[in-house]
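Listed below are the residues making up each chain.
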Amino acid sequence: MLDPQLLRNQLADTVDKLKLRGVELDTEAFESLEAQRKELQVATEQLQSERKQRSKSIGQAKAQGQDIQPLLDEVSAMGDQLDQHSARLSEIQGQLQDIVTGLPNLAHESVPVGASEDDNVEVDRWGEARQFDFEVQDHVALGEALGGMDGETAARMAGSRFTLLSGPVARLHRALAQFMLDMHTQQHGYREFNVPLLVNAQTMFGTGQLPKFADDAFITTDENERYLIPTAEVTLANLVADTILTPEQLPMRVTAHTACFRREAGSYGKDTRGMIRQHQFEKVELVQITRPDQSYEAHEELTGHAEKVLQALELPYRKIVLCTGDMGFASSKTYDLEVWLPGQNQYREISSCSNCEDFQSRRMKARWRNPDSGKPELVHTLNGSGLAVGRTLVAVLENYQQSDGSITVPEVIRSYMGGLKSIS
RNA sequence: GGAGGAGUGGCAGAGUGGUUGAAUGCACUGGUCUUGAAAACCAGCAGGGGUGAAAGCCCCUCGGGGGUUCGAAUCCCUCCUCCUCCGCCA
């Protein structure tokens, strides 16, 4: 959520910055609502104040044994007026709230301006695409030939966008997740969490999934509606919801390996082959909670932690910075890591690392006590995939394939596979 | 699923209709004292919001929401969470 003060005091400037994100805000309508809010709120609080004072004086008069009936009549009349005012006020505030919660975060000044993914900027490239002296296959052909990947049976039991893994391929998938988790906890200082996969609406609101993107999430139908998390970012960031952290607790680095669930509404026909885009996939997520003045440093660091996984697996990738028009709703700045997939002859996203500044913490009421001011102030939140496990499996299958269709197991993964060097 | 109990400031814990946003203790911060520390003593110390150039003034919040009342931490309804016991169950 944007700071409401920005919209009140620097409206024109904020509207300009929102335009870069591809969002048009009706300035006039907003200003009109805001003016009404101000007037109503002042009036309502004034009435509350008067009522409070008079009620107190009734208490005092009664204690002194005076006749309080005239006072009672007078204050009674105020009640109706107050009710009217506060009803109208909450209506206006609700309308303002609807507008504000639907606005995306503003982009950091270092983010390239652009309208779509075509305007994203490559900032780094690591590794070299392997040269094959045979015809490469994609992960689906490889996985099926190995007898370890089955989309048809999965579709029969669950529908499209699900994949069954089995045997050594399933084990490789598991090994990759274990490897990532171990690297982040043992080398990068993250604390491992095992988190709920179902959360309430409040929690989804905190990280920005609600109310605007309700259609993207799976929701339960029992009386207490719960959402299946689309990413562990939701649970990890919400660890600090409604809390005031001490300076010593920052930065907080947390990670979790979870299943993630996405409806992929609106992506019909996109990436239908294989396990690039699934309703259910696994991901090792990295989240950092930092002091505001250290979040951009942490953003570079966190992205580096994700890159370390790709480097250890010797998977070629490039790092791009998303332009203002292509960033996620809550983000101020996002790096995407795209891994080289020989089977598709292109780079595909395998990690997305974002600094959300105080956009999520304002929604979550996540604060720290700044020793300089002595006051609670909003923390900054960052998240990144480290990495998407399913897509990492895809990348390993395609990059490590041999002419006979077997897969060489990456060296760093072998100890997680009982020393296995090759899957055939 | 059934029966009972409980949710108050960072923590503990008073408070059952009227200057209570809240006693007291601990913790924390500053000061006095001390060579220094401790102890003792003094003082400060919830969060959110509105308005204002600022100082300040004002409003809201005692798990969430609603109600009764001139007035609610206190009474009523409802939901949530936690604890104990019974039942069921991975």
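For the structure, see preceding data.
Residues numbered from 1 in each chain as written. Chains lettered and ligands numbered in written order. Predicted model: local features only at pLDDT ≥ 70, side-chain atom pairs only at ≥ 80, totals over all residues. Heavy atoms only, no water.

Chemist: Explanation requested: the overall build of chain A in the structure shown.
Modeler: Across its full length, chain A holds 13 helices and 17 strands. Oriented by its inertia axes, the alpha-carbon framework of chain A measures out at about 100 × 45 × 45 Å. Burial statistics for chain A: of 424 residues in total, 47% are counted as buried. Residue pairs at least 24 apart in sequence account for 73% of intrachain contacts in chain A once pairs closer than 6 positions are excluded. When the accessible surface of chain A is summed, it comes to about 20,700 Å², and 45% of that surface belongs to carbon and sulfur atoms. (Helix = DSSP H or I, 4+ residues; strand = E, 2+ residues; numbered from the N terminus. Buried < 20%, exposed > 50% of the residue type's maximum accessible area, 1.4 Å probe, protein only. Contact = heavy atoms within 4.5 Å. Areas by Shrake-Rupley, 256 points an atom, 1.4 Å probe, with all protein chains shown as cover.)

Chemist: How should I be thinking about the side chain of Glu 264 in this particular structure?
Modeler: Mapped onto the fold, Glu 264 is located in the loop between strand 8 (252–261) and strand 9 (280–290). Taking relative accessible area as the criterion, Glu 264 reaches 15% and is therefore assigned buried. A polar contact of 3.3 Å, which involves the side chain of Glu 264, links it to the side chain of Arg 277. (Polar contact = N/O pair within 3.5 Å; in protein donor to acceptor, adjacent residues only side chain to side chain.)

Chemist: Help me out: how do you make sense of the packing of aromatic side chains in this one?
Modeler: Applying the stated rule across the entire model yields 6 aromatic pairs. Ring geometry for Trp 126 versus Tyr 317: centroids 5.7 Å apart, planes at 20°, classification stacked. Remark: Tyr 317 occurs in strand 10 (residues 317–321) and Trp 126 occurs in strand 1 (residues 121–126); sequence separation between them is 191 residues. According to the relative accessible area criterion, Trp 126 is partly exposed, its value standing at 30%. Aromatic rings pair up to connect Phe 213, Phe 329 and Phe 359 into one cluster. The ring of Tyr 335 carries Lys 319 above its face, with NZ or CZ at 4.3 Å from the centroid. (Phe/Tyr/Trp six-rings, centres within 6.5 Å; stacked < 30°, edge-to-face > 60°. Lys NZ or Arg CZ within 6 Å of the ring centre and 35° of its normal.)

Chemist: Any chance you could explain the environment of Leu 420 here in plain terms?
Modeler: Secondary-structure assignment places Leu 420 in the loop between helix 13 (411–414) and strand 17 (422–423). With relative accessibility at 31%, the residue Leu 420 sits in the partly exposed group. Sequence spacing of Leu 420 and Met 1 is 419 residues, and the spatial spacing of their C-alpha atoms is 49 Å. Those residues in contact with Leu 420 that sit more than four places away from it in its chain are Val 409 and Arg 414.

Chemist: What exactly am I supposed to notice about helix 6 (residues 151–158) here?
Modeler: Two to three positions downstream of the cap, the backbone nitrogen of Glu 152 sits 3.0 Å from a side-chain oxygen, assigning the N-cap of helix 6 to Asp 150. Where helix 6 terminates, the next one or two residues include Gly 159, which has phi positive at roughly 105°.

Chemist: Teacher, can you tell me more about the nonpolar core here?
Modeler: Inside soluble globular proteins, nonpolar side chains tend to come together where they are buried. Of all hydrophobic cores here, the largest spans 44 residues; its most connected members are Leu 172, Leu 176, Leu 310, Leu 315, Leu 393 and Ile 413. In terms of residue count, the dominant contributor to this core is helix 7 (residues 167–186) (9 residues). By size, the runner-up hydrophobic cluster in this structure holds 21 residues, among which are Leu 7, Leu 11, Leu 106 and Cys 356. (Core = buried A, V, L, I, M, F, W, Y, C linked by side-chain atoms within 4.5 Å.)

Chemist: For this particular structure, what's the right way to read a negative patch on the surface?
Modeler: On the surface, Glu 117, Asp 118, Asp 119 and Asp 326 cluster together into a negatively charged patch. Checked against the element boundaries, Asp 326 lands in the loop between strand 10 and strand 11 (333–341). With a relative accessible area of 31%, Asp 326 lands in the partly exposed category. (Patch = residues over 30% accessible without salt bridge, like charges linked within 9 Å, V, L, I, M, F, W, Y side chains within 5 Å. Salt bridge = Lys/Arg side-chain N within 4 Å of Asp/Glu carboxyl O. Lys, Arg positive; Asp, Glu negative; His and termini not counted. Charge placed at Lys NZ, Arg CZ, Asp CG, Glu CD.)

Chemist: Can you help me understand the packing of helix 3 (residues 27–63) against helix 4 (residues 69–101) in this one?
Modeler: For any two helices packed against each other, the geometry comes down to the angle between their axes and how far apart the axes lie. Between helix 3 and helix 4, the least distance of the axes is 8 Å, while the angle of their chain directions is 150°. When the axes of helix 3 and helix 4 are compared, the pair comes out roughly antiparallel. The chirality of how helix 3 crosses helix 4 is left-handed. Broken down by class, the residue content of the contact of helix 3 with helix 4 amounts to 17 nonpolar, 10 polar and 7 charged. (Axes fitted to C-alpha atoms, helices over the stretch in contact; angles between N-to-C directions. Parallel < 35°, antiparallel > 145°, perpendicular 65-115°, else oblique. Left-handed = near helix turned anticlockwise from the far one by under 90°. Nonpolar A, V, L, I, M, F, W, Y, C, P; charged D, E, K, R; others polar.)

Chemist: Where do I start with the pairing of strand 10 in this structure?
Modeler: Strand residues, when the strand is regular, have side chains that alternate between the two faces of the sheet. Here strand 10 lies mainly inside the structure; 4 of its 5 residues are buried. Sheet topology note: the strand 1/strand 10 ladder contains 5 bridges and is antiparallel. The residue of strand 10 that forms the bridge with Asp 124 is Lys 319. Where strand 10 meets strand 11, 5 bridges bridge the pair, whose relative direction is antiparallel. (Pairing = 2+ DSSP bridges.)

Chemist: What am I meant to see in the protein's contact with RNA strand B here?
Modeler: Residues in close proximity to RNA strand B total 22 residues, the closest being Arg 8, Arg 37, Gln 48, Ser 55 and Val 75. Near the protein, meaning within 4 Å, the atoms of RNA strand B are sugar or phosphate in a fraction of 69%, with bases accounting for the rest. One nitrogen or oxygen atom from the main chain of Ser 55 is found 2.7 Å from a base nitrogen belonging to RNA strand B. Those elements that provide at least two residues to the surface near RNA strand B are helix 1 (4–9), helix 3, helix 4 and strand 13 (366–369). Examining the composition of the surface near RNA strand B, we find that 13 residues originate from one element, helix 3, more than from any other. Looking at the surface near RNA strand B residue by residue, the classes come out as 4 nonpolar, 9 polar and 9 charged. (Near = heavy atom within 4 Å.)

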